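Observations on the model geometry
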Amino acid sequence: MPSCVVLLSGGIDSSTTLAIAHAEGFELNALTIDYGQRHRVEIECARTVARRFSVRRHLVLPLDMTAIGGSALTTQDIDVPKDRFSDVDGAAANDIPATYVPARNTVFLSLALAWAETLEADNIFIGVNAVDYSGYPDCRPEFIHAFEEMANLATKISAEGRLRFTVRTPLISMSKVEIIRRGRELGLDYSMTWSCYDPTPTGKPCMRCDSCIIRENALREK
């Protein structure tokens, strides 16, 4: 059975990506990063989804990115943007929002790569999406292609010609509605997942951040 590492946050995209890797017959190794995000409830959702799809190894790795700052997700000093758009195809502001975490996908993919090299798993899955997303530069195909090339230059196992890594992005050209339809076909219950960037003091989704709005519109259109 081929082995893979899946970056699993507990949100819609990463959970669907895990379901796809499961359907493709991979032995699943899920990596969840506890990076000091204000929406840490997603970590428990990741654990639930990992159990649902019989993940062999689920590594929850602590990595405190709060000291770096620069993002509304890792500091209370920056507000999470709200009400930027009101429909799934609505145009948000053209600037990259404050919820961008500096170099997050570069860092996360690097950690996934290190684990994949140790496990000799040649496929790394990440649920980036270039359609219904908030404008993050590290969700673009150009970034993924560049990282894959770097991965095969930077690792001992590739330098020795024993393995070539592939970074898999099965959702990259799908709309959020298409993603949810695919996940449901594969048995994913989206009530297990979490999307909100800024939970209320009572632990409820705010229903106003980009992620909440995209999620709710897609669920309605399903």
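Coordinates for the structure precede this section.
Residue indices follow the written sequence of each chain, beginning from 1 at its first position. Two thresholds apply to this predicted model, a pLDDT of at least 70 for residue-level local features and 80 or more for giving and counting side-chain atom pairs, whereas whole-chain, interface and lining totals are computed over all residues. For the side-chain quantities, the full set of heavy atoms in the structure was used; hydrogens and water were omitted.

Some points on the sheet that holds strand β4 (residues 123–125)
Two strands form a pair only when DSSP identifies at least two bridges running between them. Counting from the N terminus, the helices are the DSSP runs of H or I reaching at least four residues and the strands are the DSSP runs of E reaching at least two. With respect to topology, five strands assemble into an open sheet ordered β3-β2-β1-β4-β5, the strand pairing being parallel. The open sheet has two edge strands with one neighbour each: β3 (57–62) and β5 (166–168). On average, each strand axis in the sheet is tilted by 25° relative to the strand beside it, whichever way the strands run. By definition in these notes, contact holds between two residues if any of their heavy atoms fall within 4.5 Å. To get an axis, fit a line to the C-alpha atoms, keeping to the stretch in contact for a helix; angles then go from 0 to 180 degrees between the N-to-C directions. Each of β1 (3–7), β2 (27–34) and β4 touches helix α1 (residues 12–23); the most contacted strand, β1, lies at about 170° to it. Of the strands in this sheet, β1, β2, β3, β4 and β5 touch helix α3 (residues 104–119), which is tilted by about 145° from β2.

Notes on helix α4 (residues 141–154)
A helix's residues, less one, multiplied by 1.5 Å, set its expected span. Taking 1.5 Å per residue as the helical rise, α4 with its 14 residues ought to reach 20 Å, and the 20 Å between its terminal C-alpha atoms agrees with that figure. A 1.4 Å probe rolled over the protein chains alone gives each residue an accessible area, and that area as a share of the maximum for its type sets the label: buried under 20%, exposed over 50%, partly exposed in between. Turning to α4, its buried residues are Phe143, Ile144, Phe147, Glu148, Ala151 and Asn152. Taken down its axis, α4 places every buried residue within 165° of arc, on the same side. Exposed and facing more than 90 degrees away from the buried side of α4 are Glu142, His145 and Leu153. For α4, the elements touching its buried residues are α3, α5 (156–159) and β5. The arc refers to the directions leading from the helix axis to the C-beta atoms.

Section: the side chain of Ser15
Topologically, Ser15 is positioned in helix α1. Excluding its chain neighbours within four sequence positions, the residues that come into contact with Ser15 are Leu8, Gly10, Val49, Leu188 and Thr193.

Topic: the pairing of β2
For β2, the tally of buried residues reaches eight of eight residues, placing the bulk of the element in the interior. Burial along β2 is two-sided: Glu27, Asn29, Leu31 and Ile33 facing one way and Leu28, Ala30, Thr32 and Asp34 facing the other are all buried. Relative to β2, β1 runs parallel, the two being bridged by five bridges. Across the sheet, Ser3 pairs through a bridge with Glu27, a residue of β2. On the question of chirality, the crossover connecting β1 to the parallel β2 by way of α1 is right-handed. Relative to β3, β2 is paired through six bridges, and the arrangement is parallel. Bridged to Asn29 within β3 is Arg57. If you view a crossover with the strands going away from you and the path from the first strand over the helix to the second runs clockwise, you call it right-handed.

These figures capture arrangement, not role.
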